[in-house]
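Overview (structure and organization)
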Amino acid sequence: MYDMIILGAGPCGLTAALYAKRYGLNPLVLERNIYGGQIANTPEVENYPGIKHISGVELAMALYDQVTALGVEIKLEAPVSCRLDTPVKEVRTQQGAYEAPAVIIANGARRRKLGCPGEDRLTGLGVSYCATCDGSFFREQEVAIVGGGNTALEDALFLANICRKVHLIHRRDQFRGNKILSDALLRRENIQVHYDSVPEEIGGEERVDRLTIRNVKTGDTTDLPVTGVFVAIGLEPDNEMFAGQVETDRAGYLLAGEDCKTNLEGVFAAGDTRTKALRQIVTAAADGAVAAFEAANYINSLNE
Ligand code: NAP
């Protein structure tokens, strides 16, 4: 039996593992997708304290190297079910079942979908949720990116280096993302911003060849002749597996305060998965440290 199971190998989960190991505990990290979580898809990180500039992949690898050098066990297995309301918690994957007295849920959040016609049918055929992963397939082509947050702004800048033309579609006339990014974006000649606009339909038989957008103020529709549509409209919780066990807010984020404690003893929610105001790498890493500290205290209390 492990001392704790950490769900997720993003900055939060890996930081939790780092701290757990330094508390002399034996954590198991389960990751269903990719080491580093969302940062593995982030082209450039420029707001992590102490590091002027680093790619998301480099930061993820540095974290991974740091924790594996300490002997932390990380398994690439997707959790499929869990039992968290008993003293010994169990997490099942398709490969096996794992037990521990404490669980840290650090599974992040997933990309939100547009929900417009053509999106599901053409996903992987021109519709993408990751510009850094798929952008190079659209070299010298005309593409669109939807969203007005930091992800969309960063991705538009990234795509503008690769693609002939980038259309940025945002539903309002002001960006949610940082001014430093929007200023950089507005200086780029091959980025055209469509404010007050929403996607109506993604078209194409075998692959994307068109995005129809509608101006929400005038009602006018426009067909953009794009071969790629990148969706960057934010995140949503990915917590269905914990339904009925861990309490959530109305949006589905796990209810936990700054101490990362949930309604269940020995179960901690940390990083983007929990209710919080600011979802950043630095806040995810901070949560990982706090959750490991609280989990260590909990485990010690069991032995008193
Ligand atoms: P976000 O900040 O939540 O922004 C989502 C954007 O998509 C918003 O502009 C929103 O419009 C728009 N949107 C939401 N639902 C939509 C829909 N159904 N149709 C059309 N547009 C829709 O998400 P994010 O950009 O992915 O960022 C997530 C978090 O990571 C944020 O906290 C962000 O600051 C952080 N992040 C930080 C950095 C950085 O610091 N360098 C980089 C990337 C991400 P409205 O503006 O009208 O709501």
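Residues numbered from 1 in each chain as written. Predicted model: local features only at pLDDT ≥ 70, side-chain atom pairs only at ≥ 80, totals over all residues. Heavy atoms only, no water.

Overview of a positive patch on the surface
Residues Arg112, Arg171, Arg172 and Arg176 make up a contiguous surface patch of positive charge. Mapped onto the elements of the fold, arginine 176 is located in the loop between strand S11 (165–169) and helix H5 (179–186). (Patch = residues over 30% accessible without salt bridge, like charges linked within 9 Å, V, L, I, M, F, W, Y side chains within 5 Å. Areas by Shrake-Rupley, 256 points an atom, 1.4 Å probe, with all protein chains shown as cover. Salt bridge = Lys/Arg side-chain N within 4 Å of Asp/Glu carboxyl O. Lys, Arg positive; Asp, Glu negative; His and termini not counted. Charge placed at Lys NZ, Arg CZ, Asp CG, Glu CD. Helix = DSSP H or I, 4+ residues; strand = E, 2+ residues; numbered from the N terminus.)

Examining the state of the cysteines
Within this structure, the stated rule accounts for one disulfide. What pairs with cysteine 130 in a disulfide is cysteine 133, and their sulfur atoms sit 1.9 Å apart. The disulfide joining cysteine 130 to cysteine 133 has a torsion of about 70 degrees about its S-S bond and is therefore right-handed. With no disulfide of its own, cysteine 163 has cysteine 130 as its nearest cysteine by sulfur position, at a separation of 13 Å. Between cysteine 260, a free cysteine, and cysteine 12, which holds the nearest cysteine sulfur, the sulfur-to-sulfur gap is 6.9 Å. (Disulfide = S-S within 2.5 Å.)

Observations regarding the side chain of glutamate 77
Residue placement: glutamate 77 occurs in the loop between strand S3 (73–75) and strand S4 (79–83). Lysine 75 provides the closest opposite charge to the buried, salt-bridge-free glutamate 77, at an N-O distance of 4.5 Å. Within the structure, glutamate 77 has its side chain in polar contact with the side chain of tyrosine 98 (distance 2.8 Å). Residue contacts for glutamate 77: discarding those within four places in its chain leaves Leu30, Glu31, Arg32, Thr93, Gln95, Gly96 and Tyr98. (Buried < 20%, exposed > 50% of the residue type's maximum accessible area, 1.4 Å probe, protein only. Polar contact = N/O pair within 3.5 Å; in protein donor to acceptor, adjacent residues only side chain to side chain. Contact = heavy atoms within 4.5 Å.)

Here's the deal with the site of the ligand
The immediate surroundings of the ligand are formed by 17 residues, with Asn47, Thr151, Glu154, Arg172 and Arg176 found nearest. At a separation of 3.1 Å, an oxygen atom of the ligand approaches a polar backbone atom of glycine 148. At 3.3 Å, a backbone N or O of arginine 279 approaches an oxygen atom of the ligand. Considering the ligand on its own, with 920 Å² of exposed area, one finds that the protein chains cover 79% of that surface. Of the residues belonging to the shell around the ligand, the class tally is two nonpolar, nine polar and six charged. Residues lining the shell around the ligand come from more than one domain, with at least three contributed by each of domain 1 (4–111 + 235–302) and domain 2 (127–231). (Near = heavy atom within 4 Å. Nonpolar A, V, L, I, M, F, W, Y, C, P; charged D, E, K, R; others polar. Domains from an automatic or database assignment.)

Observations regarding the pairing of strand S5 (residues 89–93)
Counted residue by residue, S5 has four buried out of five residues, so it is predominantly covered. Relative to S5, S4 runs antiparallel, the two sharing four bridges. Bridge assignment links cysteine 82 to a residue of S5, and that residue is valine 91. In this structure, the hairpin formed by S4 and S5 is closed by a connection of five residues. Turn length for the S5-strand S6 (residues 97–100) hairpin, with the two strands adjacent in sequence and antiparallel, is three residues. (Pairing = 2+ DSSP bridges.)

Considering the domain arrangement of the protein
When the domains of the protein are assigned, the result is domain 1 (4–111 + 235–302) and domain 2 (127–231). Put simply, the middle of domain 1 and the middle of domain 2, counted by C-alpha atoms, are 32 Å apart. With five residues of domain 1 at the interface, the matching set in domain 2 holds nine residues. Across the interface of domain 1 and domain 2, roughly 580 Å² is buried in total on both sides, 50% from carbon and sulfur atoms. In terms of surface lost to domain 2, no three residues of domain 1 exceed Asn41, Pro43 and Arg111, which account for 85% of the buried area on that side. At the boundary of domain 1 with domain 2, the tally comes to zero salt bridges. Broken down by class, the residue content of the side of domain 1 that touches domain 2 amounts to one nonpolar, two polar and two charged. (Buried area = accessible area lost by both parts, 1.4 Å probe.)

Brief notes about the packing of aromatic side chains
Taken as a whole and assessed by the stated rule, the structure comprises five aromatic pairs. Considering the side-chain rings of phenylalanine 138 and phenylalanine 230, the 5.3 Å spacing of their centres and the 75 degrees angle between planes classify their relative orientation as edge-to-face. In this pair, phenylalanine 138 is assigned in the loop between helix H3 (131–134) and strand S10 (142–146) and phenylalanine 230 in strand S16 (residues 228–231), connecting sequence segments 92 residues apart. In this structure, phenylalanine 138 and phenylalanine 230 share a single accessibility class: buried. Sitting over the ring of tyrosine 253, arginine 279 keeps its end group 3.9 Å from the ring centre. (Phe/Tyr/Trp six-rings, centres within 6.5 Å; stacked < 30°, edge-to-face > 60°. Lys NZ or Arg CZ within 6 Å of the ring centre and 35° of its normal.)

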